[in-house]
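In case you want the letters, here they are:
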Amino acid sequence: MRKWTASAPGLPAAPGQALACMIDELGQPGFASVLLGQVHPLVPAASFSVYQIGSREPRLFMSATRGVPDRTRECWRAYLSGPHRQDQSLEGAAGDQDIVLCHVDAGEVPVEHRVRVYEAHGMAERISAVRREPDGALFALNLYRHLHQHPFTDAQVCAFESVAPALVALARKHVALTPVPREERTVEGARQRLALLEAGLTARELDVCARLLRGMTHEGIASDLRLSLTTVKTYRNRAFDRLGIHFRSELFALVAGLPDLH
């Protein structure tokens, strides 16, 4: 695994048309696919994601694939099932708008991470550009090589370095311009909404339900809250009993039917 700080200020002159295409799509639903397509001549990745971890709740902002089935959200859920807590590969971004680059092969990540995330989804290599936000959260833009592809070359890695600052800036601007989907607003306010709906829910029951709404597995919740799997399921069952539901889908429906808080 290699890490270094991007020194280039942004896109070189040659990909100016690519930059124009990405700017045109800012704030639009197809931005992720356009970005991946425009970057492909420089770095032929088969999938792409932008997410945050660290001091804030983990959140997948966007993802796309090229030439392979789109399993990026399944991959994200697998990452949240535990591997994200031990992932040190994205550390090192010092802030002050520095972009830290990371180039890692699947064989270099911990076994659980490799098996659940890389091997399960056919990925073999990742190159990332990471920025640390003022509150300590890590904003990561990731390109993935899949098993059917040739390894990234040194020239491709250098090309990524040249465009990384601009790509991160574009991705952050797209996130800022894109309205948060209703279901994600609901998830982020889940603790407050559910507390208003059912005052009897305990803090831990709210913690577990909020993470279920985030798409985390029971194993991921146990890791995140540092509880046993049995304890997580107990809190879930107690919460569901209080809410009069039996399945996670009912929890989503219940919260989706609540008004937004202002």
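Structure's up top.
Counting of residues starts from 1 at the beginning of each chain's written sequence and follows it residue by residue. At least 70 in pLDDT is required for a residue's local features to be given in this predicted model, at least 80 for side-chain atom pairs to be given and counted, and no such filter applies to totals for whole chains, interfaces and linings, which use all residues. Neither water nor hydrogens contribute to the side-chain values; these are computed over all heavy atoms in the structure.

**Overview of the overall build of the protein chain**
Selection rule: Segments assigned H or I by DSSP are reported as helices when at least four residues long, segments assigned E as strands when at least two residues long, and all are numbered from the N terminus. Accessibility here uses a 1.4 Å probe with only protein chains present; expressed as a share of the type maximum, an area under 20% marks a residue as buried, one over 50% as exposed, and anything in between as partly exposed. Accessibility throughout is a Shrake-Rupley quantity obtained with a 1.4 Å probe, and a residue counts as covered only by protein chains that appear here.
Along the backbone of the protein chain there are 12 helices and six strands. Here the protein chain holds 262 residues, and 50% of them are scored as buried. A total accessible area of about 12,400 Å² is found for the protein chain, and carbon and sulfur atoms account for 53% of it.

**Regarding the packing of aromatic side chains**
As a reminder, the rule being used: In summary, the pairing rule links any two rings of Phe, Tyr or Trp, Trp by its six-membered ring, whose centres are within 6.5 Å, and it sorts them by plane angle into stacked for under 30 degrees, edge-to-face for over 60 and tilted for everything else.
Under the criterion given, the structure shown has four aromatic pairs. Ring plane angle 40° and centroid distance 5.5 Å describe the contact between Tyr 51 and Tyr 79, whose orientation is recorded as tilted. Here Tyr 51, found in strand E2 (residues 47-53), pairs with Tyr 79, found in helix H3 (residues 72-80); they are 28 residues apart in sequence, far enough to count as distant. By the burial criterion, Tyr 51 is buried, and Tyr 79 matches it. With a centroid separation of 5.7 Å and an interplanar angle of 35°, the aromatic rings of Phe 61 and Phe 139 are classed as tilted.

**Quick notes on helix H5 (residues 111-118)**
What counts is decided by this rule: Think of the arc as the fan of directions from the helix axis to the C-beta atoms. Between two residues, a contact is recorded if the distance between any of their heavy atoms is within 4.5 Å.
Looking at H5, one finds that the buried residues are His 113, Val 117 and Tyr 118. Viewed along the axis of H5, the buried residues span an arc of 75°, placing them on a single side of the element. Where H5 is buried, its residues contact H3, helix H4 (83-86), strand E4 (100-105), strand E5 (123-132) and strand E6 (138-146).

**Some remarks on the packing of helix H9 (residues 203-213) against helix H10 (residues 218-225)**
Test applied: Lines fitted to the C-alpha atoms define the axes, with helices restricted to the stretch that makes contact. Angles between their N-to-C directions range from 0 to 180 degrees. For this classification, under 35 degrees means roughly parallel, over 145 means roughly antiparallel, 65 to 115 means roughly perpendicular, and everything else is oblique. The hand of a helix crossing depends on one turn: near helix anticlockwise from the far one by less than a right angle means left-handed, and clockwise means right-handed.
H10 packs onto H9 with a crossing angle of 130° between their chain directions and a minimal axis gap of 10 Å. Considering the angle they form, H9 stands oblique to H10. Note on packing geometry: the crossing formed by H9 with H10 is right-handed. Seen from H9, the contacting residues are Arg 204, Asp 207, Val 208, Arg 211 and Leu 212; seen from H10, they are His 218, Ile 221, Asp 224 and Leu 225.

**Regarding the pairing of E6**
This is how it is decided: For two strands to be treated as a pair, DSSP must find no fewer than two bridges joining them.
Burial of E6 is extensive: nine of the nine residues sit out of reach of the surface. Burial along E6 is two-sided: Leu 138, Ala 140, Asn 142, Tyr 144 and His 146 and Phe 139, Leu 141, Leu 143 and Arg 145, pointing in opposite directions, are all buried. In this structure, E2 lies alongside E6, joined through seven bridges in antiparallel fashion. When the sheet's bridge partners are listed, Val 50 is paired in E6 with Leu 141.

**Some thoughts on the nonpolar core**
Applicable threshold: Among buried residues, the Ala, Val, Leu, Ile, Met, Phe, Trp, Tyr and Cys ones that are joined through side-chain atoms within 4.5 Å form a nonpolar core.
Membership of the largest hydrophobic core comes to 39 residues, with the highest contact counts inside it found for Tyr 51, Leu 90, Tyr 118, Leu 194 and Leu 251. Judged by nonpolar contacts, the second largest core, of 31 residues, contains Ala 18, Phe 31, Val 43 and Leu 143.

**Quick notes on the pairing of strand E3 (residues 59-65)**
The element E3 is extensively covered by neighbouring structure, given that six of its seven residues are classed as buried. One ladder, built from six bridges, connects E2 with E3; its direction is antiparallel. Bridge assignment links Phe 48 to a residue of E3, and that residue is Ala 64.

**Considerations on the side chain of His 146**
For the record, the criterion: N or O atoms closer than or at 3.5 Å make up a polar contact, with two conditions inside protein: a donor-capable atom paired with an acceptor-capable one, and, for residues adjacent in sequence, both atoms drawn from side chains.
Checked against the element boundaries, His 146 lands in strand E6. Side chain to side chain, His 146 and Ser 47 meet in a polar contact 2.8 Å long. Filtering out sequence-adjacent residues up to four positions away, His 146 remains in contact with Ala 46, Ser 47, Val 68, His 121, Gly 122, Met 123 and Ala 124.

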